Every structure is written in C-alpha cells, then in structure tokens.
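# Observations on the three-dimensional arrangement
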Amino acid sequence: MPVRWWARLPVQFRAAVAAGMISLVLLTGGALWLRASIADMDQTRVTARIDGGWAVLSALEDTVRAGNPLPDLKTPYEIVGANGRFLPSNNRDVRDLQEIFGQPVVRYGEGFPGVQVVRTAGLDVVTETKGYQWPAWTAVTETIPTPPGQTERFGDRVRINVFVTRPDENPLPELDRVLWPSVPGAALLIAFVAWIAARQALRPIERIRLQTAAVTATSLDRRIPLPRSWFGRWSIGARAAVAAGLIAAGPFIGGVLWLRHTIDEIYTARMMANSEAFFAAGEALAVASPLGKSIPPSDSYVITGGVVTERRTVNPAPGLDRVLWPGVPAGVALVGFTAWAATTRALVPVERIRKQVKVITAHKLDVRVPVPPTRDAITNLAVTLNETLDRLEKSVAAQRQFIADAAHELRSPIASLRTVLEVAADHPDRADWPAVVRDAVTDTQRLQDLAEDLLLLARLDSAQPQRVTELDLTELVKSEAAGRATLNTNGPATMTGNPAQLTRLLRNLVDNAERHAATEVTVSVLSTPLAVTVEVTDDGLGIAPEDRERVFERFTRLDESRDSASGGAGLGLAIAREIAHANGGTLVVSDRSPGATFVASFVRS
C-alpha cells in the first residue's frame, strides 16, 4: 500500500502543520467577524452624524421655503444661490467659524446689508474663490427653489449645505494593515511552538536511540534511564499539547485584549456621533417646531412629545467578553488537542516498534522492526534498533561458532590424551611409561594453552576495565623480539596501555611471522608526533588480499594441511587484534609484498 505524503512528514512537522492550520482557521474566522463588526459599528457612527445633519437640513429647508429669517445655529451651514451668491447665513463672525472648523474661512464682500457673509468648507460650486482648496468636510446638501423675491439676485434655486463634523478616518484600512499580517503570523508562531513542543517531546526517543546504538554483545548490561522529572513522566502527546497550548495562549490573549481595545474606541466614537446627532436634532427641532414641521427620525435620537432624547447605545464589549474570554481557553484547548492528536497519531510507529521488539529473544534474533518513512527521531530509532539487532545477531552467531570451534579444538587433545592413557592402562607391562608421560604432558600443555587463550578472549570480549600505564613500546619490542627478529626503531615510542596485553600481542605476531618466514623476521617501531606503529614482517609467501581480514577470525588456519600441533588453534592473530582494540589501536595486514606485514597502530601519549 503506497504511503501517503502526510505519513512521510516527521512527527514535529505534522504537529506543526495541524496546529498551524487549526489556528489559521480560528484566527481567520475571528478576523473576519471582527472586521464585519467594526465595519458595522463605523457605519453606524457615520450614519449618526449624517442623521443629525439631515435633521438640521430639513428644518432649514422648511425655514427657507417659508421665507423666514435664517436661525443662528451651532451647527454650521450655508445657503448658496445658483449663481454662487450667498443668502444670509449664520449670524456669526469669521473668528467664531474659524474656531468651529479649525480651518481658515474666506470673507466675501457681497451680501445683504448688515450681514457678514462667509464661505465655509465642503461645497463644490463655482464661485469667485474657485482657486481655493477647501478642507474635506462632510456636507449634507439639498437644492430647493429660490425663495420669493430672491430669484433675480440668486437664480432659480439655492443649495442648503449643512456641515457635519470632520469624519474620523475609516478604521478598516488601518485594521487590515495590522490584522491580516497578524493572522498568518500568529498561526506560524503557534505552528512553530507546536514544532518545538513535538521536537522537545521526542528528545527521550533520541536518548533511547543513542543508548541503543551503544549496546553490543559486550555491553548488554546497559539500561535506558526512565524520565525522573514530573513533566518527563507525562506522555509525549501530553507534553506536546501542554507546550503548544501554553504558547498559543499568548497570541490568543493578546488578540483579545487588542480586539477589546479597538471595539472600545469604535464604541466611544459611535457614542460621540450619537451625541452630535442628538444636539443637532435639538437645534433642528427648535427651528421646525414654530413652523409646525417635524424632523426626520433616526436611530441616534428619539422624539417624544416635542422633546429630543438621545438614544443610548449598548457597549458591545461586555457582551463580547462573555464570548471572547471563554473562547481563549477553548482555542488554547483546541490547539493543544490538535498537537496532542498529531503527536500521538505520529507515534503509532513507536508502538509497532515496541511490540516487535517485545517478541525478540535470543533464539529469534532475525526479527527486525519496521522503519517508518518519516525521516525523524522515530525513523532514526528504528534504524538504530535494526543495526543493534544486526550486531547482536552477528555476535551471538559468532559466539555460537566460537563455542563450536572451541569444543572441536578441545576434543582433539582430550581424545589424544585419553587414547595414550587408555592404551598404556590396557597394556601396562608393554607400555613405555616415560613416552606415555611425555605425550600426556604435551596434550595437557595444548589444553592449557587453549584454555588460557579462550579465557583471555573471554576477558577481552567482556570489555572490563583494565590497568593501563604509560610505557615505551620500543622497550617492549626489544625484550620480546630480541634474538628472534631484526629490530628497527627511531627512538622512544611512548603510549598508554596494558603492558602484559601488549607483550602478548607482540609475542603472537612474532610467533606467527616465525612460522611463515622463509629466512628472516623484521620488527620495526615507528614513532610520530601523533601515533606509534609496530610492523612485523616476514619474507614468506604472504597473504592473499581476500584472506587479509579472514586471518583475524577465531580458529582460522589458512594452511589446512598444517596440523594444530604445529600451527596452533588459530587464535593468535584473533587475540592480537582484540588486544589492539582493547588498547585503543588497530591491527591490519599491509598490502606490501613480498611476505606478510602486520601493522599495529596506537595513539601516542
């Protein structure tokens, strides 16, 4: 069955993607709802200001149609003829208007006697001041026929302009500049946190892997330490969930606080707009009531019995609190649950590995654990487990072969010794007892040597700590090979090792060279600033390239025609290599010819 792309992602990436996607959906939904709510509140605010302007405009229109004098209102307005000339406007001097608008106004020389005529901002008509640019004020405008007696001077129509206070900037563009970059940013932050949480949660698996990688047949006493901290006793999924949830709480709480502050500001602006509309409606009602007229209704004020009452708006923040604050722990819980679900689901391969390892025994070492395709800590753990099982299987197979070979080697001298003794016992009068004793001693010596070699190999295999000291390898070579080989040295060669073991290594190499040399054995000790090297060379037939590693296998004798009495049990070179490894060195067969050259290298102290 093909593996899905999702299953190929590492555990931490799956947790991050799941937490990030959930957070992105939640944050996007919240952002859209917030934007719609603020847009509605802002529209209500603008509508309130416009409603107040329409109320004043309605009252002024009735006043102009009735031909009554224009009232003096706090709400700024102007009435302009079709030819650009002004009708008498608010009886207020220029200085007051400047204070109202916060912008310069322009005085005109035309108008009715005794009345100051000013041009306020917001009207788009062709006048004598067409070169001026007026500030961006909102004007509620209505065009009606010119009152009787003014047609000749002002044309057939006039425009009534009521100026609403300068509108605040639309909050949505600014909101969008903050909101939309924040949504993916917060989602990425939560995804990153989930990734870190899952990665940290997987650290015990990496420690298990490192411990497993160090397990060999000689270190089977190793055990993996259990987590001791209270947090470490939690499951990996729980730890990922808690970490992701705690970090996600930060963006959620920050977003709620910012959202509440923004809504409070919009609500305050809307309430102020309602108040402005209420005051403008009061002025309009004072103008319209003597004429028996009414003013348009609005959601910003209520007119009852000729009295205008401000309509109070409800602050949405407390209502939002009942939704938002419970939503924060809910969102945190959802992110935590997502991280937990993703991590737990991704750890299913670990459970499969555990079940597979559980069935492995010493008699079933060919079993291997499944390797998930995620390329993460779990994959590394599975690969390391399989590599460890490979080493253990090979080691157990080698041990079994070693036992079989040892039994075979022991059987020959035991059988020979028994035969000699049984023949002498059956024919005591004809036995050559001195010869019988000599043969028995020879076979016993072979048994003793073989037993000592096997015990030495057992100690080397156990990798037990050994006594080491600083020594001069040149002196060891001189004491062991003097009179048996030609010596070549370039001075002292100091190193740290076990003198008895290194002496045995040199003896085995020289003994092997003597058995295969035609005329001469040479031992060279080379000392460099970094290493100490011993080369044992014979001038015999040499060793074929395909046999240069096999000679170090236990009970290996390349010359099968040679009997064990003259050639030994085939353990000398195996012991020499194990000693080299135990002392931090190496032992190999060089490719130099003729003859065979064994090279042992150690770190110089």
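On to the overall build of the protein chain, then. Check the secondary structure of the protein chain and you find 15 helices and 14 strands. Within the protein chain, buried positions represent 42% of all 605 residues. Once local pairs closer than 6 in sequence are excluded, the contacts in the protein chain between residues at least 24 apart make up 69%.

For the α-helix, the turn length of 3.6 residues means that residues three or four positions removed from each other point alike. Buried within helix α15 (residues 572–582) we find Leu-573, Ala-574, Ile-575, Ala-576, Arg-577, Ile-579 and Ala-580. Packed against the buried residues of α15 are α11 (433–462), α13 (499–516), β13 (586–589) and β14 (596–603). Looking at the residues trailing α15, positive phi occurs at Gly-584, about 75 degrees.

A cluster of nonpolar side chains, namely Leu-189, Phe-192, Trp-234, Val-242, Leu-246 and Ile-247, defines an oily patch on the protein surface of about 550 Å² accessible area. Of all the secondary-structure elements, those providing two or more residues to the nonpolar patch are α5 (171–201) and α7 (236–288). Residue contributions to the nonpolar patch peak at 3 residues, all from α7. Looking at the element boundaries, Val-242 is found in helix α7.

Per the stated rule, a full pass over the model turns up 17 salt bridges. For Asp-176, the salt bridge goes to Arg-35, with nearest N and O atoms at 2.8 Å. Of this pair, Asp-176 sits in helix α5 while Arg-35 sits in helix α2 (residues 11–66), and the two are 141 residues apart along the sequence. Through salt bridges with shared partners, a single ionic network connects Glu-480, Arg-484, Arg-507, Asp-511 and Glu-514.

Take the nonpolar core next. The biggest cluster of nonpolar side chains holds 44 residues, and the ones touching the most others in it are Leu-473, Leu-505 and Phe-598. Considering each element in turn, this core owes the most residues, 6 residues, to α13.

Within the fold, Thr-474 resides in helix α12 (residues 473–481). Residues Thr-474 and Leu-526, 52 residues apart in the sequence, show an inter-C-alpha distance of 8.9 Å.

Under the definition given, this model contains 4 aromatic pairs. Look at Phe-192 and Trp-195: their rings are 6.0 Å apart centre to centre, the planes differ by 25 degrees, and that puts the pair in the stacked class. On the criterion of helical spacing, the pair formed by Phe-192 and Trp-195 is a turn pair, its members being 3 residues apart in helix α5. For Phe-192, a relative accessible area of 48% puts it in the partly exposed group. Just above the ring of Phe-552 sits the side chain of Arg-577; from NZ or CZ to the centre is 3.9 Å.

Further remarks concern the packing of helix α10 (residues 377–426) against α11. The N-to-C vectors of α10 and α11 enclose an angle of 165 degrees; their axes lie 9 Å apart at closest approach. For the element pair α10 / α11, the angle class is roughly antiparallel. Both α10 and α11 take part in a crossing whose hand is left-handed. The class makeup of the residues in the contact of α10 with α11 is 16 nonpolar, 4 polar and 5 charged.

Right, let's talk about the pairing of β14 for a bit. Taken across its 8 residues, β14 has 6 buried, putting it largely inside the fold. Bridge count for strand β12 (residues 531–538) against β14 is 8 bridges, and the pairing is antiparallel. Among the inter-strand pairings, Val-532 is bridged to a residue of β14, identified as Phe-602. Here β13 pairs with β14 via 4 bridges, running antiparallel. In the strand pairing of β14, Val-589 is matched with Phe-598.

Further remarks concern the pairing of strand β11 (residues 521–527). Summarising burial for β11: 6 of the 7 residues are buried, a large majority. With 4 bridges joining them, strand β9 (residues 486–489) and β11 adopt parallel strand pairing. For Thr-486, the partnering residue across the bridge sits in β11 and is Thr-522. Pairing of β11 with β12, which is carried by 7 bridges, proceeds in the antiparallel orientation. From the neighbouring strand, Val-521 faces β12, where its bridge partner is Asp-538. A loop of 3 residues connects β11 with β12, the two strands running antiparallel in sequence.

Our focus in this paragraph is the sheet that holds β12. In space, the 5 strands of this open sheet follow the order β9-β11-β12-β14-β13, with mixed pairing throughout. This sheet does not close on itself; its edge strands, each paired only once, are β9 and β13. When the angles between neighbouring strand axes are averaged without regard to direction, this sheet yields 15 degrees.

Secondary-structure assignment places Arg-577 in helix α15. On the accessibility criterion, Arg-577 (14% relative accessible area) is buried. Once residues within four sequence positions are removed from consideration, Arg-577 is found in contact with Glu-549, Phe-552, Leu-587 and Val-588.

Glancing now at the confidence of the model for the protein chain. Summing up the model confidence of the protein chain, the mean pLDDT is 76 and the portion of residues at 70 or higher is 83%. For residues 88–136, every residue scores under 50 in pLDDT, and the model assigns this stretch 99 contacts once sequence neighbours within four places are set aside. Low pLDDT, under 50, characterises residues 560–566; the predicted model gives this stretch 7 contacts beyond four residues in sequence or across chains.

The subject of this paragraph is the packing of α2 against α7. The geometry of α2 relative to α7 is characterised by a closest axis approach of 8 Å and an angle of 10 degrees between their N-to-C directions. By the angle class used here, α2 and α7 are roughly parallel. Of the residues contributing to the contact of α2 with α7, the split by class is 23 nonpolar, 5 polar and 5 charged.

What follows is about the environment of Glu-393. Within the secondary structure, Glu-393 sits in helix α10. Residues contacting Glu-393, with those up to four places away along its chain left out, are Leu-365, Asp-366 and Arg-368.

Position of Glu-535 among the secondary structure elements: in strand β12. For Glu-535, the contacting residues outside a window of four places in its chain are Thr-522, Val-523, Ser-524, Leu-526, Arg-592, Thr-597, Phe-598 and Val-599.

The residue Ala-139 is located in strand β4 (residues 138–145) in this model. What makes Ala-139 partly exposed here is its relative accessible area of 24%. With 86 residues separating them in the primary sequence, Ala-139 and Gly-53 have C-alpha atoms 7.9 Å apart.

Cut-offs and rules
- Residues numbered from 1 in each chain as written.
- Predicted model: local features only at pLDDT ≥ 70, side-chain atom pairs only at ≥ 80, totals over all residues.
- Heavy atoms only, no water.
- Helix = DSSP H or I, 4+ residues; strand = E, 2+ residues; numbered from the N terminus.
- Buried < 20%, exposed > 50% of the residue type's maximum accessible area, 1.4 Å probe, protein only.
- Contact = heavy atoms within 4.5 Å.
- Patch = residues over 30% accessible without salt bridge, like charges linked within 9 Å, V, L, I, M, F, W, Y side chains within 5 Å.
- Areas by Shrake-Rupley, 256 points an atom, 1.4 Å probe, with all protein chains shown as cover.
- Salt bridge = Lys/Arg side-chain N within 4 Å of Asp/Glu carboxyl O.
- Core = buried A, V, L, I, M, F, W, Y, C linked by side-chain atoms within 4.5 Å.
- Phe/Tyr/Trp six-rings, centres within 6.5 Å; stacked < 30°, edge-to-face > 60°.
- Lys NZ or Arg CZ within 6 Å of the ring centre and 35° of its normal.
- Axes fitted to C-alpha atoms, helices over the stretch in contact; angles between N-to-C directions.
- Parallel < 35°, antiparallel > 145°, perpendicular 65-115°, else oblique.
- Left-handed = near helix turned anticlockwise from the far one by under 90°.
- Nonpolar A, V, L, I, M, F, W, Y, C, P; charged D, E, K, R; others polar.
- Pairing = 2+ DSSP bridges.
- pLDDT = per-residue confidence, 0-100.

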